[in-house]
Each structure stands twice: as structure tokens, then as C-alpha cells.
Amino acid sequence: MRSMLALATVAVVLAGPPLAADPPPSLADTEARRTIIDFVTRVTYPGSPDYVTPADRIATFDNDGTLWSEQPVHFQGLFAIDRLREMAAQDGRILTSDALRAAVQADMATVAAAGEAGLPEVLATTHAALTVDAFVTELRDWMATARHPVTAMAYDAMAYQPMPELLRYLRDEGFSDLDRLGRRPALHPRLRRGSLQHPAPAGRRHDRHGKLRRDAWRAGHPRGRRPPLHRRQAGKPLAIEARIVRRLIRAVGNPDGDFEMLEWTTSGPGPRLGILIHHTDGAREFAYDRGSHVGRLSRGLAEGPGRGWLIVDMAEDWRRVWAGG
């Protein structure tokens with residue numbers, strides 16, 4: 001079940017030699033763009049006092065709401081709901097809870113009201129009997145024909161155009177890039193082209209209970225105390241550290257669920273940049289933040305600027321939203 005829910009977790013690495021690179025053209029000429037370019041310039045120019053060696057130029061991106069859209073619910077949830085409808089048409093007895101009955105009616109408010117048990121129950125019901133091969137086949141078939149309930153766009157067209165440009169820009173400037181596309185290659189053809197799978201690092205140590213030693217992660221926690229792995233927010237930096245055994249210098253996210261990831265990234269020494277995507281564009285995409293049941297952003301808006309994080313206003317800072325048009 002955790003593997004299915006992690007259709008969202010770590011990681012692909014995009015690696016490349018430091019080359020002269022063009023900044024993302026889909027970013028408008030605003031302070032946000034200038035901040036991004038300034039940071040990249042400072043950490044990549046050999047004569048800069050903030051120079052960072054290529055081995056330590058590591059960035060990460062959240063997935064839903066950062067690399068592609070997430071409204072009215074995460075797209076893996078919409079896939080599960082469509083599959084649930086097909087299953088219920090064959091045998092209505094599978095709808096054994098309010099959350100499942102609400103899901104087939106596209107009543108996402110009721111599914112969300114079920115809390116942490118709501119969408120996971122839908123995923124468990126629809127995915128539990130699938131082998132990996134069957135899952136990939138079903139997913140590809142769905143992607144070929146399914147359309148978003150609000151925009152009527154294909155789901156892979158709803159990746160954000162500035163993001164592959166930003167990934168390419170960082171790669172060309174000698175960054176390694178951890179994103180969360182590795183578990184969902186079929187869903188992100190526009191974002192994954194040219195990416196390389198990152199090998200697990202050598203020398204990772206585990207304690208006798210099989211939990212990774214997380215000695216480098218201290219942000220927001222007393223020394224020697226570590227949050228449990230089941231906590232989603234804390235789990236992001238822990239999963240990243242488990243992957244690369246070092247701290248990032250740049251992290252990009254959008255909801256409060258990414259707060260700890262940005263906190264961990266920016267609390268280290270030297271130049272660091274945390275970025276939050278603020279969904280302000282109700283005309284081209286969706287406008288939401290504090291009151292949203294998906295991608296809620298409240299604490300990040302309140303505390304992010306004081307921590308030096310860049311808040312990217314989608315309406316003001318993006319010339320173009322969709323990769324697919």
C-alpha cells in the first residue's frame with residue numbers, strides 16, 4: 001500500500017556537465033526569475049565565494065502541484081476512482097464504505113472528510129489485486145484515453161511547462177536533480193526525457209531494526225531525536241537523505257507537506273534556496289492555498305518569507321502554465 005501511495009516518492013537524477021545554460025523561458029521577468037538565476041550563478045561560478053562543487057549541487061522537486069497539477073485531487077487518485085467505477089459496475093458489493101460510495105460519485109469532499117483513510121481506501125480497493133505488469137498496462141491504457149474532469153486535457157499535458165525547463169537549466173549548470181518521477185514514468189513523458197536512474201549510494205548503514213540511521217537530519221528536532229518514518233512530512237527529507245546520504249542545496253515544493261523538506265534543505269550551511277509554488281492562477285490553472293483539501297499552503301505562506309524562501313506566484317511569475325498547450 002505504501003508503494004502505491006508513493007506513486008509520489010523519490011527519485012530520478014538528471015546529471016550533466018556544467019555548461020552555459022539558458023534560464024527557463026516560461027518564467028516571466030520578475031523578481032522570482034532573478035532570484036533563481038542569481039542563486040544558480042552564485043553556486044556554479046568558480047570564482048564565487050558561494051561556489052558549490054558539482055557533487056554537492058543537488059536539488060529536489062515535489063511532484064503533485066509542483067511538477068504537474070493536483071486538482072481536484074491527485075491524478076493517481078483520479079485513476080483509482082475511474083478504476084473503482086469500472087469495478088463497481090461489475091460488482092457493486094465492493095462499495096463497502098462511505099468513502100468508496102462517494103468516490104464513484106466524484107464526491108471528493110466526502111472522500112476528503114474521511115481523512116487519511118479516505119483516498120488510501122480507494123487505492124487499496126482498486127490496486128490490491130494488481131500485479132506490477134497489470135498495473136502498468138492499466139495505467140497506460142487509462143493515460144491514452146482519460147481526460148481531466150475540469151480542463152478536458154490529457155493528464156500528461158497538465159505537466160507544468162516551466163518545470164522541465166528548470167530541470168534542464170539546473171542539469172546544464174551541473175546540478176543533480178532528485179524529483180519524484182521515477183515511480184511513475186508512464187505519467188510524465190514530458191518531464192522524464194533524458195533522465196537517468198540514480199543508483200542507491202554505497203555504504204548506507206541500517207540499525208538492527210532495519211531503519212536507516214539519519215544522523216544528518218536535525219532541522220526542527222532536538223539533537224538525537226528523529227521523527228517516525230510513517231510521518232509523511234518528515235518522511236520526505238528522510239527518504240531523500242536515505243537516497244543520497246547528504247543534504248540538498250535547493251528544494252521546490254508547493255504544499256505545507258513540503259515544509260520539512262524545505263526546512264531541512266535551507267537549514268544547512270552555505271548557499272541554499274527553498275521555493276514554494278503558490279497556485280494563484282484561477283484563469284489558467286487553479287487558485288488555492290489555505291483552505292484547499294489538496295495542496296494546502298498556509299504555514300509556508302506565513303513562515304516561508306521569513307526563512308528566506310522564494311514564493312513563486314503562478315499568475316505573475318509564469319508566462320506559460322501547461323506543457324501540453
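Note that the coordinates shown come from a computational prediction; the quantities given were computed from them, not determined experimentally. (Residues numbered from 1 in each chain as written. Predicted model: local features only at pLDDT ≥ 70, side-chain atom pairs only at ≥ 80, totals over all residues. Heavy atoms only, no water.)

As for the overall build of the protein chain
Just so we agree on the cut-off: Strands are runs of DSSP state E lasting at least two residues, helices are runs of H or I lasting at least four, and both sets are numbered from the N terminus onward. By definition in these notes, contact holds between two residues if any of their heavy atoms fall within 4.5 Å. For accessible areas, the Shrake-Rupley method is used with a probe of radius 1.4 Å. Any residue's cover is judged against the shown protein chains and nothing else.
Across its full length, the protein chain carries 13 helices and six strands. Residue pairs in contact within the protein chain that sit at least 24 positions apart in sequence constitute 71% of those at least 6 positions apart. Here the protein chain displays about 15,100 Å² of accessible surface, and carbon together with sulfur accounts for 51% of that area.

Observations regarding empty space enclosed by the protein
So the rule is basically this: Using a 1 Å grid laid over the protein atoms alone, points where a 1.4 Å probe fits but cannot get out form a cavity; open sets with protein on both sides within 12 Å along at least 5 of 7 lines form a pocket; any residue with an atom within 4 Å of a point counts as lining. Grid points are joined across faces, edges and corners, and a volume is the space filled by probe spheres set on the points. Gly counts as polar in this scheme, as do all residues outside two lists: the nonpolar Ala, Val, Leu, Ile, Met, Phe, Trp, Tyr, Cys and Pro, and the charged Asp, Glu, Lys and Arg.
Applying the stated rule across the entire model yields one cavity of 30 Å³ or more. At the level of secondary structure, the elements contributing two or more residues to the lining of the largest cavity comprise α8 (162-172) and β5 (273-278). The greatest single-element share of the lining of the largest cavity, amounting to three residues, is contributed by α8. Looking at the lining of the largest cavity residue by residue, the classes come out as ten nonpolar, no polar and no charged.

Thoughts on the confidence of the model for the protein chain
Operational definition: Confidence of the predictor at the level of single residues is given by pLDDT, which spans 0 to 100.
Of the residues in the protein chain, 75% have a pLDDT of 70 or more, and the chain-wide mean is 79. Within the model, the stretch residues 1-19 combines pLDDT values under 50 with 69 contacts to residues more than four positions away or in other chains. Confidence drops under pLDDT 50 across residues 179-231; counting only partners more than four residues distant or on other chains, this segment forms 114 contacts.

Regarding unusual backbone geometry
For clarity, the threshold we go by: A simple rule labels every residue: compare its accessible area, found with a 1.4 Å probe on the protein chains alone, to the largest value its type can have, and call it buried under 20%, exposed over 50%, or partly exposed in between.
Residue Pro 72 is reached from Gln 71 by a cis peptide bond, and omega for that bond is 0°. Within the secondary structure layout, Pro 72 lies in the loop between β2 (58-61) and α3 (75-90). Look at Ala 152: it is not a glycine, yet its phi comes out positive at around 65°. On the secondary structure map, Ala 152 appears in the loop between α7 (132-145) and α8. When its relative accessible area of 53% is taken as the criterion, Ala 152 is described as exposed.

Some remarks on the packing of α3 against α7
Between two packed helices, the angle of one axis relative to the other and the distance separating the axes together describe the packing. The line we're drawing: Orientation is described by lines fitted to C-alpha atoms, with helices fitted over the stretch in contact, and by angles between N-to-C directions that extend from 0 to 180 degrees. The scheme is simple: roughly parallel for angles under 35 degrees, roughly antiparallel for over 145, roughly perpendicular for 65 to 115, oblique for anything else.
Taken N-terminus to C-terminus, the directions of α3 and α7 make an angle of 95°; their axes are 11 Å apart at the nearest point. It follows from the interaxial angle that α3 and α7 lie roughly perpendicular. Touching Phe 75, Leu 78, Phe 79, Asp 82 and Arg 83 of α3 are Phe 135, Glu 138, Leu 139 and Trp 142, all from α7. In the contact of α3 with α7, the residues fall into six nonpolar, no polar and three charged.

Some details on the pairing of strand β4 (residues 250-253)
Applied cut-off: Strand pairing is defined by DSSP finding a minimum of two bridges between the two strands. A right-handed crossover is one whose linking path, passing over the helix from the first strand to the second, runs clockwise when the strands point away from the viewer.
On β4, burial covers both faces: Arg 250 and Val 252 on one face and Ala 251 and Gly 253 on the other are all buried. The sheet contact formed by β2 and β4 spans three bridges and is parallel. Residue pairing in the sheet places Ala 59 in a bridge with Arg 250 of β4. As paired strands, β4 and β5 are joined by four bridges and run parallel to one another. Across the sheet, the residue bridging to Val 252 is Ile 275, located in β5. Crossover connection from β4 via helix α11 (residues 259-266) to parallel β5: handedness right-handed.

What about the nonpolar core?
Inclusion rule: Remark: nonpolar core denotes a set of buried residues (Ala, Val, Leu, Ile, Met, Phe, Trp, Tyr, Cys) joined through side-chain atoms within 4.5 Å.
In this structure, Met 163 and Trp 318 are the most contacted members of the largest nonpolar core, which totals 64 residues. For this core, the leading source of residues is α3, giving seven residues. Grouped together as the second largest cluster of nonpolar side chains are 13 residues, Ile 58, Ile 240, Trp 264 and Trp 309 included.

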